[in-house]
Every structure is written in C-alpha cells, then in structure tokens.
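# Architecture at a glance
The chain contents come next:
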Amino acid sequence: MMTGIDRTVEVEGCKGFIFTTKNGTPIMPNALNNVLYNIVNAYNREELNAAQKQRRKEILMPSISAHTLRHTGCTRMAESGFDPKVLQYVMGHSNIAVTMEVYNHITGKERIRKEFDRIDEIMAG
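Residues numbered from 1 in each chain as written. Predicted model: local features only at pLDDT ≥ 70, side-chain atom pairs only at ≥ 80, totals over all residues. Heavy atoms only, no water.

### Things to note about the overall build of the protein
Within the protein, the regular secondary structure consists of 5 helices and 0 strands. In sequence order, the secondary structure elements of the protein are arranged as α-α-α-α-α. Taken across its 125 residues, the protein has 17% of its residues classed as buried. Long-range pairs, those at least 24 residues apart, make up 28% of the contacts in the protein between residues at least 6 apart in sequence. Of the roughly 9,900 Å² of accessible surface on the protein, a fraction of 59% belongs to carbon and sulfur atoms. (Helix = DSSP H or I, 4+ residues; strand = E, 2+ residues; numbered from the N terminus. Buried < 20%, exposed > 50% of the residue type's maximum accessible area, 1.4 Å probe, protein only. Contact = heavy atoms within 4.5 Å. Areas by Shrake-Rupley, 256 points an atom, 1.4 Å probe, with all protein chains shown as cover.)

Here you go:
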C-alpha cells in the first residue's frame, strides 16, 4: 500500500488490480482510455515542440487503449510459453480459437527459431 491505495478490493473473486481509482476499485476501460489518450497527447505535444526547436523530425507515440494493453499482455504471455488453455481462461475467451488466432500471433522469426531449437534439443537428448 505504498501509494495509499487499497489494493484489497475484490470484484468477482479478483483483486490486486493495476489500474484503480483512489478507492481501490478497478478503473473502467473508457476511463483508462481517457487517461492513456491524455498521456499520449501530452507527450506528443511536447515532442512536437522539442522537434520544432531542434529542427528535426518528430517521433510521435501512437494511440494506446485498454485493448492495446490487453492485446500486448496476452501476446507477451503467449510468447513466453504460457499454457494456451490457461491463457484462454485468463483472457475470458469462450473459444480457444480466439486466443490462438487473434492474440497468439507470431511477432518475429525469433519465436520460430526458438521452437525449432527446442526440437533440436529433444532430438539430441
């Protein structure tokens, strides 16, 4: 409770929420989207001013939403080898196809290489 926010609030058996109000209740996605929108806009305004002063091309942040965070979290869990059925449960998908097709996409050749390295280890072993 370093921030003074009560993280013990429980909603449908879940607690320890990351994004909470000052009362400790979870922030609704639309409210979180507004916070993220304001953060990105503030950064981009400052970056535009700095780039203009430094006479360089600006590097702007893309928009970020609660869904972006959800998608990224799911993708990273899948990339780290999270059990797909557990991931389906965590994400609340009724069908594993949603988890595997929408969220579990291949983001780079490193992931493919890692799986083939695992096969090589099994075959050598």
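### Thoughts on the confidence of the model for the protein
Residues of the protein with pLDDT of at least 70 account for 89%, and the chain-wide mean is 86. Summarising per-element confidence for the protein, the mean pLDDT is lowest in helix α5 (residues 109-124) (81) and highest in helix α1 (residues 29-54) (96). (pLDDT = per-residue confidence, 0-100.)

### Overview of the packing of helix α2 (residues 66-79) against helix α3 (residues 84-91)
Two elements in contact, α2 and α3, have axes separated by 10 Å at closest approach and are oriented at 165°. Classed by the angle they form, the pair α2 and α3 counts as roughly antiparallel. α3 is crossed by α2, and the crossing has right-handed handedness. Side by side, α2 and α3 meet where Arg70, Cys74, Met77 and Ala78 of the first sit next to Leu87, Val90 and Met91 of the second. Here the contact of α2 with α3 is built from residues that sort into 6 nonpolar, no polar and 1 charged. (Axes fitted to C-alpha atoms, helices over the stretch in contact; angles between N-to-C directions. Parallel < 35°, antiparallel > 145°, perpendicular 65-115°, else oblique. Left-handed = near helix turned anticlockwise from the far one by under 90°. Nonpolar A, V, L, I, M, F, W, Y, C, P; charged D, E, K, R; others polar.)

### Considerations on unusual backbone geometry
In this model, Glu12 sits at a positive phi of 50°, which is unusual for a non-glycine residue. The residue Glu12 is located in the segment before α1 in this model. Even without being glycine, Arg55 reaches a positive phi, approximately 50°. Relative to the helices and strands, Arg55 is located in the loop between α1 and α2. Since its relative accessible area comes to 78%, Arg55 is described here as exposed.

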